[in-house]
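# Architecture at a glance
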Amino acid sequence: MYEFTERIRYTELDENRNLSLVSIINFMQDCCIYEAEDGGVGIDWLKEHKTAWMLTGWQVKINRRPVFCERVKIKTWACGFRHFLGMRNFTIRNAETDELLIYAYSEWAYVNTELQRPERSVPKEELEVYGIAEPLDMEFERGRIPVPGTLEAKAPITVTELNLDTNHHVNNGQYVAMACAMVEQGTGEFTDFRCEVRQQSMLGDVLFPYVGEENGVTTVVLNDPEGKPKLVARFS
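Residue indices follow the written sequence of each chain, beginning from 1 at its first position. For this predicted model, a pLDDT threshold of at least 70 governs which residues receive local features, and a threshold of 80 or more governs which side-chain atom pairs are given and counted, while totals over whole chains, interfaces and linings are taken from all residues. Water and hydrogen atoms play no part in the side-chain values, which are based on all heavy atoms of the structure.

Runs of E in the DSSP output that reach at least two residues are strands. Runs of H or I that reach at least four are helices, and both are numbered from the N terminus. If you tally the helices and strands in the protein, you get four helices and 12 strands. Atoms counted for the radius of gyration: C-alpha only. Globule rule: 2.2 Å times residue count to the power 0.38. At 17 Å, the protein has a C-alpha radius of gyration in line with the 18 Å of a compact globule built from 236 residues. The principal-axis extent of the C-alpha atoms belonging to the protein is close to 45 × 45 × 30 Å. The buried label applies to any residue whose accessible area, calculated with a 1.4 Å probe on protein chains only, is under 20% of its type's maximum; exposed applies above 50%, and partly exposed to all values in between. Evaluated residue by residue, the protein yields a buried proportion of 49% over its 236 residues. Each accessible area is a Shrake-Rupley result for a 1.4 Å probe, and residues are judged covered by the shown protein chains and nothing else. Within the structure as shown, the protein displays about 12,200 Å² of accessible surface, and the carbon and sulfur contribution to it stands at 48%.

With that settled, the discussion passes to the packing of helix 1 (residues 21-38) against helix 4 (residues 172-181). For any two helices packed against each other, the geometry comes down to the angle between their axes and how far apart the axes lie. It is at 9 Å that the axes of helix 1 and helix 4 come closest, and there the two elements cross at 165°. In terms of their interaxial angle, helix 1 and helix 4 are classed as roughly antiparallel. Crossing geometry of helix 1 relative to helix 4 is assigned as right-handed. Contacts between helix 1 and helix 4 involve L21, V22, I25, N26 and Q29 from the former and N172, G173, V176, A177 and C180 from the latter. Three categories are distinguished: nonpolar for Ala, Val, Leu, Ile, Met, Phe, Trp, Tyr, Cys and Pro, charged for Asp, Glu, Lys and Arg, and polar for the others, with Gly belonging to the last. Among the residues forming the contact of helix 1 with helix 4, the class breakdown is six nonpolar, four polar and no charged. In this analysis an axis means a line fitted to C-alpha atoms, helices contributing only their contacting stretch, and an angle means the value between N-to-C directions, from 0 to 180 degrees. For classification purposes, angles smaller than 35 degrees are called roughly parallel, those larger than 145 roughly antiparallel, those between 65 and 115 roughly perpendicular, and all remaining angles oblique. Should the near helix be turned anticlockwise from the far one by less than a right angle, the crossing is left-handed, and should it be turned clockwise, the crossing is right-handed. Contacts are assigned to residue pairs with any non-hydrogen atoms lying within 4.5 Å of each other.

Once that is clear, we can look at a negative patch on the surface. There is a patch of like negative charges on the surface, built from E37, D38, D44 and E48. Within the residue set of the negative patch, elements represented by two or more residues are helix 1 and helix 2 (43-48). For D44, the location among the structural elements is in helix 2. Like-charged residues within 9 Å of one another, or nonpolar side chains (Val, Leu, Ile, Met, Phe, Trp, Tyr) within 5 Å, are grouped into patches, provided each residue has over 30% relative accessible area and no salt bridge. By convention in these notes, a salt bridge is any Lys or Arg side-chain nitrogen within 4 Å of a carboxyl oxygen on Asp or Glu. In this tally, Asp and Glu contribute negative charge and Lys and Arg positive charge; neither His nor the terminal groups of the chain are included. In plain terms, the charge of a residue is placed at NZ if it is Lys, CZ if Arg, CG if Asp and CD if Glu.

Below, the discussion takes up the nonpolar core. Of all hydrophobic cores here, the largest spans 54 residues; its most connected members are M28, W58, V60, F193 and F235. Here this core gets eight residues from one element, more than from any other, and that element is helix 1. Beyond its immediate stretch of four places on either side in the chain, W58 contacts I25, M28, Q29, F90, Y105, S106, W108, N172, F193, R194 and C195. To form a nonpolar core, buried Ala, Val, Leu, Ile, Met, Phe, Trp, Tyr and Cys residues must be joined to one another through side-chain atoms within 4.5 Å. Counting 13 residues, the second largest nonpolar core, distinct from the first, contains C79, Y105, V111 and L136.

Let's shift gears to the packing of aromatic side chains. The pairing test for Phe, Tyr and Trp rings, Trp by its six-membered ring, is centres within 6.5 Å, and the orientation test on the planes gives stacked under 30 degrees, edge-to-face over 60, and tilted for anything in between. In the structure shown here, the tally under the stated rule is 11 aromatic pairs. For the ring pair Y10 and F68, a centre distance of 6.1 Å and an interplane angle of 80° mean the geometry is edge-to-face. Placement of the pair is Y10 in the loop between strand 1 (2-7) and helix 1 and F68 in the loop between strand 2 (51-62) and strand 3 (71-82), with a sequence separation of 58 residues. Residue class for Y10 comes out exposed when judged on its relative accessible area of 63%. Residue F68 is classed as partly exposed on the basis of its relative accessible area of 36%. Geometrically, the ring pair formed by W58 and W108 is edge-to-face, given 5.9 Å between the ring centres and 75° between the ring planes. Of the two residues, W58 is situated in strand 2 and W108 in strand 5 (residues 100-112); the sequence distance between them amounts to 50 residues. Of the two residues examined, W58 and W108, each falls in the buried class. Members of the aromatic cluster, connected to one another through ring pairs, are F4, F27 and Y34.

This part takes up the environment of R234. With respect to the element layout, R234 can be found in strand 12 (residues 229-235). Of the residues examined, R234 reaches a relative accessible area of 10% and is grouped as buried. Separated by 55 residues in the primary sequence, R234 and A179 place their C-alpha atoms 9.0 Å from one another. Here a polar contact is recorded for every N or O atom pair within 3.5 Å, except that within protein the pair must consist of a potential hydrogen donor and a potential acceptor, and residues adjacent in sequence are included only if both atoms are side-chain atoms. A distance of 3.0 Å separates polar atoms of two side chains, one belonging to R234 and the other to E141.

To estimate the expected span of a helix, count its residues, drop one, and scale the result by 1.5 Å. The terminal C-alpha atoms of helix 1 lie 26 Å apart, and with 18 residues this matches the ideal 26 Å at 1.5 Å per residue to within 8%. Listed as buried for helix 1 are L21, S23, I24, I25, F27, M28, Q29, C31, C32, E35 and A36. Immediately beyond the C-terminal end of helix 1, within one or two residues, lies G40, with a positive phi of roughly 85°.

The residue E70 is located in the loop between strand 2 and strand 3 in this model. A distance of 2.9 Å separates the side chain of E70 from the side chain of R64, its partner in a polar contact. Leave out the neighbours within four places in its chain, and E70 touches E6, R7, I8, R64, N94 and L101.

The following block contains the structure:
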């Protein structure tokens, strides 16, 4: 398990002075990256071995959003490995009261960045750093996110350098930000967020967003030019 403590900054807020959904994703992403770095299997290790952990899906459940200046502790742990796949839980709690604010489940694929395909397995050096702990005793959904039959097309998005991370593809938080931007009523009231990353996006790629609403659930799909989903996100 790995944990760090943080104070909610002004730049991480939404318009209601709560921690934004994008900032929630960034906190959790940073937490597992810190664990890798401190364990010696971080960015330089992955670059040397021509590998990377690619997110395939999040599910984030929000009991209460942290507010401006609140101190929180972000924790993560690996809760399973299967061939080239890694499963990981996260929690965000109030640092003083230990109130559980946010919890999440995520899945990652261990990929060879030179061949652009999954590795057969995760190296033992990384498995030793991460270990395996018991998963959260909470229900998370499995399977593909259902997409409504009726979707409204939105203006295309062109990937710029501002969207990229050290793997030279659209960062997970940036993907979420693109999906959030498609939700007209804002994302501050949603308490359950789920997304699937089906394809990576590179500099100059054009994404075609579609939005559908059904029974209080908003679904955002970012398609490639051939109409195949790159990201499917659900806000409920």
